[in-house]
Each structure stands twice: as C-alpha cells, then as structure tokens.
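# Observations on the three-dimensional arrangement
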Amino acid sequence: MWNKCRELFAYREMIRSLVRRDLRGRYKSSVLGFLWTFINPLCQIIVYTMVFSRIFRMDIERYYLFLTVVMIPWVFFSTSISGGAMAVVSQQDLVKKIYFPREVLPISYVTSCFVNMLLSFVVVFAVIAVSGSGFSPQALACLPAVMLCEYVLCLGFAFIISACTVYLRDLEHIVGVLLMAWIYLTPVMYDISFIPDGLLPVFRMNPMTPVAVAYRKILYYKQVPDLSDLAAAFVTGMVFVGVGAFVFSMLQKNFAEEL
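No experiment lies behind these values; they were computed from the predicted model shown. Per chain, residue numbering runs from 1 following the sequence as it is written. Where totals are concerned, whole chains, interfaces and linings use all residues; where local detail is concerned, this predicted model gives features only for residues with pLDDT of at least 70, and gives and counts side-chain atom pairs only at 80 or more. Note that water and hydrogens are dropped before the side-chain values are worked out from all heavy atoms of the structure.

### Focus: the overall build of the chain
Numbering goes from the N terminus for both helices and strands, where a helix is a DSSP run of H or I of at least four residues and a strand is a run of E of at least two. The secondary structure content of the chain amounts to 13 helices and 0 strands. For the chain, the succession of helices and strands along the chain, N to C, is α-α-α-α-α-α-α-α-α-α-α-α-α. Note on areas: these come from Shrake-Rupley sampling with a 1.4 Å probe, and a residue is covered only by the protein chains present in the view. Total accessible area on the chain is roughly 13,200 Å²; 67% of this is exposed by carbon and sulfur atoms.

Printed below as a string of structure tokens:
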C-alpha cells in the first residue's frame, strides 16, 4: 500500500494534467461554457423546490435553502459515480499504449468533479446570503472535514465501478438507474427526522446519509455536526476507498486485454 501511494505521488503531475483537461473540456464549444457549472445545479434546485414546496408542500422553512445545501454535494456524488464508471474505458488508448498506475484515472476524474463542486459552492453561499440565514463560524470550520469524507467515499466507489465496467459495460447504465432511486433513499429532499423509526437503521446503512446530514447541520441549521455523523462518514469513506483500491488492483491486471 505504501509503495502504491509513493507511485501515485510520483505521477501527481499526470493527475493534475488530467484534472485540468477534464475541467477545460467539460463544457468545451458550448455557448455559456463555464457558466454551466452554476446553471446545472441551479436548474435542479429550482425544479425540486417547485415540486416539493408547491405541489407536495413540504412543510420546511426556506425549503430552497434546505435543498440547496445538500443538492450540490449530491450532484458531486452522483457525477463521480456515473461518470467514474467510464473513467478507465474512456481512456482505453492511453491504457494500451503507456504504463502508468491505472488508479490515476479514477483519481483524476473524481478530483475534477470535486473541484467542480467547490466552484459550485458559490451557489450555496450565494443562496445562504440572499436568504439572510447567515453562517456559524464554528459550524463552517467543520465543512472541509465533511467534504474530505465525501471525496474519499466517492473515490472508493469510483475505484470499484470503473474497474468493473471494463469487464461489464452494461454497468454504466445500471449505475444510472440506481442513482435515480438512490437520491430518494438519501435525505436530500427531506429531513432525516421524516423517516419512521423502524426504517431509520436501513437508511443509516446508506453511506451518503451521514454526509448529507452533516452538510445540512452545518449550512442550514448552523450547528456543529454530531461527532457520530462525522465519524460515520469518515469510517465509511475509508472502508470504501480501501475495498475499492483492493478491487481495482485485482482487476486492473487484464485491463489492456479487455479494452
């Protein structure tokens, strides 16, 4: 493990280069270009706000803010998984021609998604400012820790899915279907207090639940998240990245033959 970390560190310039290329090419040739970084999440927030505050009438104060503070992190999670599925397959020419640690590919993709989320947080802070809700400096100090936990979690999933997709291309579409259901099993559009006590242990098994709860406590309730939530998010992320790295290392041996 230590040798692999040293090798990845030696290829840090390659990771940085792939991240830059992905960010530049994400909205290449589009008229609005980089503005889509803000337009995409804003459109999702507006649609969900209209549906759940006007049609289903979710009885939550400042529902648009309640939704925004978790929707941006959710977009990062879903994009990392759906796009991460093709992180290796989309770079098959590179994989076949030169040697480099293949882990570079999912790492660079998830990192570019993470940078995109950081830029999209301009929307979150703008909505908070407009709402007049304000910030809690103590709670805000915990935000980088929650972001790091989510990054590690996304990286773990990307390792597993990107490696498996090389052998089963249908996984790209399967993941898309699963993510459509996953958002409703995560407290993004509703508060975790709405979940019946009998079902709460099931929802707690969702690795995104403690992450979503922590984001909302910090940015909506202006509270320092419970240590248990942060610990659960960190432990879950580390478990997934450990399992993901192991699965990836086992499957990468035949990447060139399968691509």
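### Here we look at the side chain of Ser-131
With respect to the helices, strands and loops of the structure, Ser-131 is situated in helix 6 (residues 104-131). Distance and chemistry together define a polar contact, namely a pair of N or O atoms within 3.5 Å, with one atom able to donate a hydrogen and the other to accept it when in protein, and with adjacent residues in sequence counting only for side-chain atoms on both sides. At a separation of 3.2 Å, a polar atom in the side chain of Ser-131 contacts the main-chain amide nitrogen of Ser-133.

### Structural notes on the nonpolar core
As a rule of thumb, soluble globular proteins bury nonpolar side chains together. For the purposes of this section, nonpolar cores are sets of buried Ala, Val, Leu, Ile, Met, Phe, Trp, Tyr and Cys residues that join through side-chain atoms within 4.5 Å. For each residue, the accessible area found with a 1.4 Å probe, counting protein chains only, is set against the maximum for its type, and the residue is called buried under 20%, exposed over 50%, and partly exposed in between. Trp-74, Phe-77, Phe-121, Tyr-215 and Leu-219 are the most contacted members of the largest nonpolar core, which totals 75 residues. Sorting the residues of this core by element identifies helix 2 (12-25), helix 4 (63-84), helix 6, helix 8 (143-167), helix 9 (171-182), helix 11 (209-219) and helix 12 (227-251) as the ones contributing at least two each. Looking at this core, the element that brings in the most residues is helix 8, giving 15 residues. Any two residues having at least one pair of non-hydrogen atoms within 4.5 Å are treated as being in contact. Ignoring any residue separated from it by four or fewer positions in sequence, one finds Phe-121 in contact with Ile-72, Pro-73, Leu-143, Met-147, Tyr-215 and Leu-219. Ranked by size, the runner-up nonpolar core spans 5 residues in total, among them Ile-192, Ile-195, Phe-203 and Val-213.

### Side note on helix 12
One less than the number of residues in a helix, times 1.5 Å, gives the span that helix is expected to have. When the terminal C-alpha atoms of helix 12 are compared, their 36 Å separation across 25 residues agrees well with the 36 Å that a helix rising 1.5 Å per residue should span. On its buried side, helix 12 packs onto helix 6, helix 8, helix 10 (200-204), helix 11 and helix 13 (255-258).

Purely geometric numbers; function is a separate question.
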